[in-house]
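The residues making up each chain are set out below.
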Amino acid sequence: MNAVAWSRNPYLPHAAQVVERVEEGRDIFTLRLRLSDAGARAAYRFQPGQFNMLYLYGVGEVAISIVSDPDDPGLIDHTIRAVGRVTQGLQRLKAGDALGLRGPFGRGWPVEAARGRSLLLITGGLGCAPTTSMIHYALQRRESYGALTLCHGVKHPGDLIYGERIQSWCAAPDTQVLLTADKGTPEWRGRVGQVTQTLEDIAPEMFKGVAMMCGPEPMMRAVAENLLRRGMAPADIYLSLERNMQCAVGHCGHCMFGGKFICKDGPVFSYTEVSALLAVKGL
Amino acid sequence: MLGTAKGEPVMSVAGLLKRDQLDVLIQTLRARGYRVVGPRAKSGAIVYDEVSRADELPVGLVSVQEPGRYRLEDSGNGRLFDYVHGPESLKRFLFAPQETLWTVEQNGEVRFKETLPEIRPLAVIGARACDLAGVSVQDRTFLKGRYNDFSDPYYATRRENLFIVAVHCTRSAATCFCASMNTGPRAREGYDIALTELEDAFLVGAGSAAGEAVLADLPLQPAHEGEITQAAQAIDAAARSQTRRLDTENIQALLFNNLEHPRWDDVAERCLSCGNCTLVCPTCFCHRETDVASLDGKESGHQRQWDSCFTLEHGYLHGAQIRPQIRHRYRQWLTHKLAAWIEQFGVSGCVGCGRCITWCPTGIDLIEEVNAIRLPAALRRRHGAQPEAKT
Ligand SMILES: Cc1cc2nc3c(=O)[nH]c(=O)nc-3n(C[C@H](O)[C@H](O)[C@H](O)COP(=O)(O)OP(=O)(O)OC[C@H]3O[C@@H](n4cnc5c(N)ncnc54)[C@H](O)[C@@H]3O)c2cc1C
Ligand code: SF4
Ligand code: SF4
Ligand code: FES
């Protein structure tokens, strides 16, 4: 599924440079990157939902989704939440700083299979970078997809990021955004409750399209079961999974989920492929 | 080529090498530029180490292996290869326990440099059928082919430079079950030269052009029908002597339909989560990657190092632990090894070497664990086990 043929060592990062850095929220930032080598830049292609391994000098590599548009593969955007050693180091990078990048890896969203159909995106938790790429992709090609609904749930209203971006999505044709927080505050204008509850308020036609999810596994499972009850086919429900990743090329064994390597068979799976495994704790 | 009754090719036979001429093989390999590694007795076990002369090889030793136990004893004969095997397979010669994948320099920009292994032909003497099977399983993980669109350059470099002198087993350890996994005790393929040890000579055959070239330099004598039959019978006898066998029928469904089986709790009470089983297993490929900075801070080396699914770090995600309990980790190991592997690579991840049984400090036997899950619930109740969990 990789767009780049492996003519070189798959472990060896390319040199890349930070072109721009955008503050998105507390400890969340977007890095716009550019591969330093012109040849590597020309060969680089990706699909929404794929990810890169970003290398911070002297510290290590982490898996980060690509959120920018595949039609402009010369500039690669990553929205990152600083949580630990590598991501906190990435947080300190400024425009002009150097880092390593290898990728793209994995199987992304089913952009072809979903063409012409409505898109129901359901996300939970912070960031949810993987679905962001799909939203951008569909809104850039608005006529290729049907109605788009985003249901986004956060724990606390303060966790919401991409405020301006979400406003612009709301303004896009045939696009609806439903925000919900587990607990409200006086200023919160979204709903209060679980993300599954927002499904009550969605036009029934949306359940005839394709659903794409990312977030905590129990939440995705609850949403998927809810969608099935509303008549969606398991093969039309997609989700992006996450596991510890060391290599991204199917060698380190850390990303295994049953017989799947999330780094190469995923990170995007259809519910048909993983529903039985998702029902089991500790896999 | 000689055929069995079933018509299966047994072995190619080039001739007979007297035991006291084995040194010629070692010297021939050395003269051809190979670093030669063979079995050595060290700290009470057979391990692979550099050999320069045949008289460095262990003589007259046999390994007594049981769940959780390994002991070298006097075999009472002068044979070199009756020891069967030790904790090491060929794994570390191809997939290094620790190696630097690349280095990176920083001064405003970052400059990456791959650090491929030094090309140094290596010949390993004494590899067993299970070890060759282990290599062919790992080839599916690391080499370009049906399961990969690229080769791991580190593994591939070593693979291309490995010369294997296999030994068909004429003795099995009590923990061996290669016959039931269809991988041994006869080495079928993947070797350059194969030896069968007889009373005071080896029946010798080549499995590759490189092997044939080396054999051409050896003082071989013609092998007679009687010796060939004797060798074949000795290998068959080793197979028949195996008391353990793993029933692999329908094993993917068996294990994946029983992910909540009470046996996982039972084994978790015995398993120390030490990871020995994964270290000795010829097919386990898990590794972690870490950066080691140079003291002056100008360069960093990116290393990979064997890891085990029994460590907590293996399932670490920021803010979450995927497999917090030993039952989760043992289940990950066993289901991967025996079932998920088939989905991933079209073969079992187990070649039946029995090492994980021998080297488990608490003597956990994966065959028993599978059998406990396979046993019908009614039988299990009669044996006094807990009732079956809902699945
Ligand atoms: C396919 C995929 C896409 C991802 N996309 C994004 C994204 O777009 N934005 C974003 O902020 N985060 C993303 N993540 C999560 C991100 O990889 C982790 O937050 C990051 O690895 C944490 O590293 P750390 O060193 O800062 O944290 P530490 O807590 O110090 O973690 C130590 C090491 O554990 C591993 N690790 C820890 N958490 C994770 C995790 N969640 N996933 C994988 N490996 C982990 C990494 O090897 C990491 O270096 C993605 C993860 C995956 C698997
Ligand atoms: S699982 Fe055990 S018996 Fe099977 S190949 Fe690995 S170490 Fe040998
Ligand atoms: S099964 Fe045995 S060898 Fe493997 S981790 Fe558990 S105690 Fe260690
Ligand atoms: S990340 Fe290493 S196998 Fe998938």
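How would you sum up the environment of Glu260(B)? Please name residues and give values.
Residue and element names in this part refer to chain B. Structurally, Glu 260 can be placed in the loop between helix 8 (251-256) and helix 9 (263-270). The partly exposed category is assigned to Glu 260, whose relative accessible area is 28%. On a C-alpha basis, the gap between Glu 260 and Phe 150 in space is 37 Å, while along the polypeptide they are 110 residues apart. Separated by 3.4 Å, the side chains of Glu 260 and Arg 327 make a polar contact.

Explain the nonpolar core residue by residue, including any values.
Ranked by size, the top nonpolar core spans 83 residues in total, and within it Leu120(A), Ile122(A), Leu227(A), Leu241(A) and Trp102(B) carry the most contacts. Setting aside anything within four residues of it in sequence, one finds Leu241(A) in contact with Glu217(A), Met220(A), Phe257(A), Ile262(A), Pro267(A), Phe269(A), Val274(A) and Leu278(A). Counting residues in each nonpolar core, the second largest holds 29 residues, with Phe81(B), Ile125(B), Phe163(B) and Val204(B) among its members.

For the site of ligand 3, give the residues involved together with the corresponding values.
Residue and element names in this part refer to chain B. Residues in close proximity to ligand 3 include Cys 271, Leu 272, Ser 273, Cys 274, Gly 275, Asn 276, Cys 277, Phe 310, Tyr 330, Cys 360, Pro 361 and Ile 364, which together make up its full environment. The pocket occupied by ligand 3, as judged from atoms lying within 2 Å of grid points, is the largest cavity. Residue classes in the shell around ligand 3 are distributed as 9 nonpolar, 3 polar and no charged.

Quick rundown of helix 3 (residues 129-140) of chain A? Include the residues and the values.
All names here are of chain A. With 12 residues, helix 3 extends 17 Å between its outermost C-alpha atoms, agreeing within 8% with the 16 Å of an ideal straight helix rising 1.5 Å per residue. Counting buried positions over the 12 residues of helix 3 gives 10, a clear majority of the element. The complete set of buried residues in helix 3 reads Ala 129, Pro 130, Thr 131, Thr 132, Ser 133, Met 134, Ile 135, His 136, Tyr 137 and Ala 138.

How would you explain the sheet that holds strand 3 (residues 45-50) of chain B if you had to name every residue and give the values?
Residues and elements named next belong to chain B. Taken in spatial order, the 7 strands line up as 1-11-10-9-8-2-3 in an open sheet, and their pairing is mixed. Strands at the two margins of the open sheet, each flanked by one partner only, are strand 1 (15-18) and strand 3. Neighbour to neighbour, the strand axes of the sheet diverge by 30 degrees on average, direction disregarded. Pairing between strand 1 and strand 11 (residues 201-206): 4 bridges, direction antiparallel.

Tell me what's going on with the domain arrangement of chain A, and back it up with residues and numbers.
Residue and element names in this part refer to chain A. Here the domain parsing of chain A yields domain 1 (3-105) and domain 2 (119-278). Listed by partner, the interface residues are 22 residues for domain 1 and 21 residues for domain 2. For the domain 1 face of the interface with domain 2, the top three residues by lost area are Tyr 11, Glu 24 and Val 67, together amounting to 24%. Between domain 1 and domain 2 we count 2 salt bridges in total. One salt bridge in this structure joins Arg 141 and Asp 69, with 3.0 Å as the shortest N-O distance. Here domain 1 and domain 2 share 6 residue pairs in polar contact (both at pLDDT 80 or more) between them. Sorting the residues of the side of domain 1 that touches domain 2 by element identifies strand 1 (14-25), strand 2 (28-35), strand 3 (51-56), strand 4 (60-65), strand 5 (76-81) and strand 6 (98-105) as the ones contributing at least two each. Residue contributions to the side of domain 1 that touches domain 2 peak at 3 residues, all from strand 4. Tallied by class, the residues present in the side of domain 1 that touches domain 2 amount to 11 nonpolar, 5 polar and 6 charged.

Could you give an account of the domain arrangement of chain B, naming the residues involved and the relevant values?
Residues and elements named next belong to chain B. Taken domain by domain, chain B comprises domain 1 (2-240) and domain 2 (251-382). In this structure, domain 1 and domain 2 have C-alpha centres spaced 26 Å apart. With 45 residues of domain 1 at the contact, the number on the domain 2 side is 39 residues. Taken together, the two surfaces of domain 1 and domain 2 that pack against each other cover about 3,600 Å², and 58% of this comes from carbon and sulfur. On the domain 1 side of the interface with domain 2, the three residues burying the most area are Lys 91, Phe 95 and Phe 177, jointly 17% of the side's total. In this assembly, domain 1 and domain 2 are joined by 3 salt bridges. One salt bridge in this structure joins Arg 355 and Asp 131, with 3.1 Å as the shortest N-O distance. For the pair domain 1 and domain 2, the interface holds 29 residue pairs in polar contact (both at pLDDT 80 or more). Partitioning the side of domain 1 that touches domain 2 into residue classes produces 21 nonpolar, 14 polar and 10 charged.

Tell me about the packing of aromatic side chains, and name the residues and values.
When we look at a pair of aromatic rings, we describe it by the centre distance and by the angle of the planes. All told, the structure shown has 25 aromatic pairs over all chains when counted by the stated rule. Consider the rings of Phe95(B) and Trp306(B), whose centres lie 6.1 Å apart with planes at 40 degrees: the pair is tilted. On the criterion of sequence distance, the pair formed by Phe95(B) in the loop between helix 2 (91-94) and strand 6 (98-107) and Trp306(B) in strand 13 (residues 299-306) is long-range, its members being 211 residues apart. Accessibility assignment for this pair places Phe95(B) and Trp306(B) in one class, buried. Measuring from centroid to centroid gives 6.0 Å for Tyr147(B) and Phe345(B), while their planes differ by 70 degrees, and the two rings are edge-to-face. Placement of the pair is Tyr147(B) in the loop between helix 3 (129-142) and helix 4 (153-160) and Phe345(B) in helix 11 (residues 326-345), with a sequence separation of 198 residues. Put simply, the rings of Phe261(A), Tyr147(B), Phe285(B), Trp341(B) and Phe345(B) pair up and form one aromatic cluster. Over the ring of Tyr137(A) we find Arg141(A); its NZ or CZ atom is 3.8 Å from the centre of that ring. The ring centre of Trp306(B) lies 4.4 Å from the NZ or CZ of Lys91(B), which sits over that ring.

Before we move on, can you summarise the interface of chain A and chain B with the specific residues and values?
The interface of chain A with chain B comprises 42 residues on the first partner and 53 residues on the second. Carbon and sulfur atoms make up 58% of the surface buried where chain A meets chain B, a total of about 3,800 Å² over both sides. Where chain A touches chain B, the interface holds 1 salt bridge. Glu343(B) is the salt-bridge partner of Lys260(A), the closest N and O atoms lying 3.0 Å from each other. If you list the elements that add at least two residues to the side of chain A that touches chain B, you get strand 1, strand 4, strand 6 and strand 14 (260-261) of chain A. Of all the elements, strand 6 of chain A adds the most residues to the side of chain A that touches chain B, at 4 residues. Class assignment of the residues belonging to the side of chain A that touches chain B gives a composition of 20 nonpolar, 14 polar and 8 charged.

Cut-offs used in this document
Residues numbered from 1 in each chain as written. Chains lettered and ligands numbered in written order. Predicted model: local features only at pLDDT ≥ 70, side-chain atom pairs only at ≥ 80, totals over all residues. Heavy atoms only, no water. Helix = DSSP H or I, 4+ residues; strand = E, 2+ residues; numbered from the N terminus. Buried < 20%, exposed > 50% of the residue type's maximum accessible area, 1.4 Å probe, protein only. Polar contact = N/O pair within 3.5 Å; in protein donor to acceptor, adjacent residues only side chain to side chain. Core = buried A, V, L, I, M, F, W, Y, C linked by side-chain atoms within 4.5 Å. Contact = heavy atoms within 4.5 Å. Near = heavy atom within 4 Å. 1 Å grid on protein atoms, 1.4 Å probe; cavity = no way out; pocket = protein on both sides within 12 Å on 5 of 7 lines; lining within 4 Å. Sits in = over half its atoms within 2 Å of the grid points. Nonpolar A, V, L, I, M, F, W, Y, C, P; charged D, E, K, R; others polar. Expected span 1.5 Å × (residues − 1). Pairing = 2+ DSSP bridges. Axes fitted to C-alpha atoms, helices over the stretch in contact; angles between N-to-C directions. Domains from an automatic or database assignment. Buried area = accessible area lost by both parts, 1.4 Å probe. Salt bridge = Lys/Arg side-chain N within 4 Å of Asp/Glu carboxyl O. Phe/Tyr/Trp six-rings, centres within 6.5 Å; stacked < 30°, edge-to-face > 60°. Lys NZ or Arg CZ within 6 Å of the ring centre and 35° of its normal.

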